[in-house]
Amino acid sequence: MNPATLAMPSKGRLRDDALALLAGIGITVIPPADSRSYRARVEGRDDLEIAFLSASEIARELGAGRIDAGITGEDLVREGFADSETRLDLAARLGFGQADVVVAVPEAWFDVETMADLGEVAAGFRARHGRRFRIATKYWRLTQRHFSQEHGIQLYRIIESLGATEGAPAAGQADAIVDITSTGSTLRANQLKVLTDGVILRSEACLFTAPENVPPQIADIAGRLRAAQKKAAPPS
Ligand SMILES: Nc1ncnc2c1ncn2[C@@H]1O[C@H](COP(=O)(O)OP(=O)(O)OP(=O)(O)O)[C@@H](O)[C@H]1O
Ligand SMILES: O=P(O)(O)OC[C@H]1O[C@H](OP(=O)(O)OP(=O)(O)O)[C@H](O)[C@@H]1O
């Protein structure tokens, strides 16, 4: 049997939880002899190969169909390509890496609590300030979908942000932001608040596979991960 490839985060906040979760269902990843190697084996298995990639690379490789399965954040997959809902199967939610992709504005905007309020601000922005309303984000696809398709807000400009997004309003680079938050402390430290209907996506780490022709060893792992999650959090 050809080995199936399962991609896992090679670094960052998702790596250790992903390794621990797999160990818990009997998939023990053998660290590569050379720590710079991006391939690893699984104890006692020659039908499975581990590819260590960064969380965002995993989303890209899944989209390109170059790996059989991958563990990464749902936010990265939804942002990574437009038709991820049909092109990939969310085979298991994994119960770690929880974070929300949210719309946030300065706390000082007392009259702005909802997306509808923000739509009004954006509509009158050019007349008042001589330029379009600006949103700093690295999630331009999720932002466009939320603003344009779901809330009918068209008058805005996305400012590509590659880091320190929460600092953009105070730095005068943007008026609002779309970013990921878990504890909320970065938003608070930058005097930003989340709109009441501003949660675009509740993300967590997930196992994604292709929707069809899933190798049996991957289908087995997905089943065991789902069962482990059910046991960890039984339905109330
Ligand atoms: N507080 C948080 N902030 C950011 N991401 C979080 C947080 N909590 C969970 N995540 C999840 O972790 C993912 C980022 O993972 P990680 O830290 O490994 O990325 P990274 O090292 O920046 O990866 P890459 O180099 O691929 O961008 C997010 O996309 C999200 O799914
Ligand atoms: O709600 P909180 O718990 O404050 O977490 C949110 C922050 O964490 C992440 O940044 P991080 O500092 O990890 O840097 P990164 O963007 O390089 O991952 C993310 O981009 C937010 O800025």
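Looking up the protein chain in an unreviewed UniProt entry gives the name ATP phosphoribosyltransferase, with the organism given as Roseitalea porphyridii. Quoted straight from UniProt, the Sequence similarities (unreviewed entry) entry for the protein chain says "Belongs to the ATP phosphoribosyltransferase family. Short subfamily." In its Function (unreviewed entry) section, the UniProt record describing the protein chain reads: "Catalyzes the condensation of ATP and 5-phosphoribose 1-diphosphate to form N'-(5'-phosphoribosyl)-ATP (PR-ATP). Has a crucial role in the pathway because the rate of histidine biosynthesis seems to be controlled primarily by regulation of HisG enzymatic activity."

Looking at the nonpolar core
Residues Leu6, Leu22, Leu207 and Leu225 are the most contacted members of the largest nonpolar core, which totals 27 residues. For this core, the elements supplying multiple residues, two or more each, are strand S1 (4–9), helix H1 (15–24), strand S3 (39–42), strand S4 (45–53), strand S5 (69–73), strand S6 (89–93), strand S12 (205–209) and helix H9 (216–232). Ranked by residues supplied to this core, first place goes to H9 with four residues. Apart from residues no more than four positions distant in its own chain, Leu207 is found in contact with Leu6, Ala69, Gly70, Ile71, Asp89, Leu90, Ala91, Ala92, Leu94, Ala222 and Leu225. One finds Ala122, Ile153, Ala176 and Leu195 within the second-largest nonpolar core, a separate group that totals 21 residues.

As for the pairing of strand S10 (residues 176–181)
Within S10, five of the six residues are buried, which leaves it mostly tucked inside the rest of the structure. Here strand S7 (residues 99–106) pairs with S10 via five bridges, running antiparallel. Paired with Ala104 across the strands is Ile177, a residue of S10. Where strand S8 (residues 133–137) meets S10, three bridges bridge the pair, whose relative direction is parallel. Residue Ala136 lies in a different strand from S10, and its bridge partner there is Ile177.

Digging into the domain arrangement of the protein chain
Under the domain assignment used here, the protein chain contains domain 1 (4–97 + 203–232) and domain 2 (100–202). For domain 1 and domain 2, the distance between their C-alpha centres works out to 31 Å. Contacts between the two partners involve ten residues from domain 1 and, on the opposite side, eleven residues from domain 2. In terms of surface lost to domain 2, no three residues of domain 1 exceed Asp75, Glu79 and Ser203, which account for 61% of the buried area on that side. Put simply, domain 1 and domain 2 have one salt bridge between them. A salt bridge links Arg145 to Glu85, with the shortest nitrogen-to-oxygen separation between them at 3.6 Å. Taken together, the connections running from domain 1 to domain 2 amount to six residue pairs in polar contact (both at pLDDT 80 or more). Broken down by element, the side of domain 1 that touches domain 2 gets its largest block of residues, five residues, from helix H3 (residues 74–80).

Side note on the pattern of salt bridges
All told, the structure shown has 14 salt bridges when counted by the stated rule. Residue Asp16 is joined to Arg15 by a salt bridge in which the shortest nitrogen-to-oxygen separation is 3.5 Å. For Asp16, a relative accessible area of 53% corresponds to the exposed category. A salt bridge links Asp175 to Arg134; the nearest nitrogen and oxygen atoms lie 3.5 Å apart. Note that Asp175 is positioned in the loop between strand S9 (156–160) and S10 and Arg134 in strand S8, a separation of 41 residues in sequence. Neither Asp175 nor Arg134 differs from the other in exposure class; each is buried. Taken together, the shared-partner salt bridges connect Glu74, Arg78, Arg93 and Glu204 into one network.

A few points about the site of ligand 1
Taken together, 15 residues lie around ligand 1, and Lys11, Ser54, Ser56, Asp75 and Ser182 are the ones closest in. Residue Lys11 places a side-chain N or O atom 2.9 Å away from an oxygen atom belonging to ligand 1. A distance of 3.1 Å separates an oxygen atom of ligand 1 from a polar atom in the side chain of Arg13. Considering ligand 1 on its own, with 640 Å² of exposed area, one finds that the protein chains cover 76% of that surface. Among the secondary structure elements, those contributing two or more residues to the shell around ligand 1 are helix H2 (55–64) and H3. Considered class by class, the residues forming the shell around ligand 1 number five nonpolar, seven polar and three charged.

Some points on the pairing of S9
In this structure, S8 lies alongside S9, joined through five bridges in parallel fashion. Along S9, the bridge assignment pairs Thr137 with Glu160. Note on the crossover from S8 through helix H7 (residues 140–151) to S9: the handedness is right-handed.

Rules of the game
- Residues numbered from 1 in each chain as written.
- Chains lettered and ligands numbered in written order.
- Predicted model: local features only at pLDDT ≥ 70, side-chain atom pairs only at ≥ 80, totals over all residues.
- Heavy atoms only, no water.
- UniProt positions renumbered as here; feature names shortened; annotations may be inferred.
- Core = buried A, V, L, I, M, F, W, Y, C linked by side-chain atoms within 4.5 Å.
- Buried < 20%, exposed > 50% of the residue type's maximum accessible area, 1.4 Å probe, protein only.
- Helix = DSSP H or I, 4+ residues; strand = E, 2+ residues; numbered from the N terminus.
- Contact = heavy atoms within 4.5 Å.
- Pairing = 2+ DSSP bridges.
- Domains from an automatic or database assignment.
- Buried area = accessible area lost by both parts, 1.4 Å probe.
- Salt bridge = Lys/Arg side-chain N within 4 Å of Asp/Glu carboxyl O.
- Polar contact = N/O pair within 3.5 Å; in protein donor to acceptor, adjacent residues only side chain to side chain.
- Near = heavy atom within 4 Å.
- Areas by Shrake-Rupley, 256 points an atom, 1.4 Å probe, with all protein chains shown as cover.
- Nonpolar A, V, L, I, M, F, W, Y, C, P; charged D, E, K, R; others polar.
- Right-handed = clockwise from strand over helix to strand, strands pointing away.

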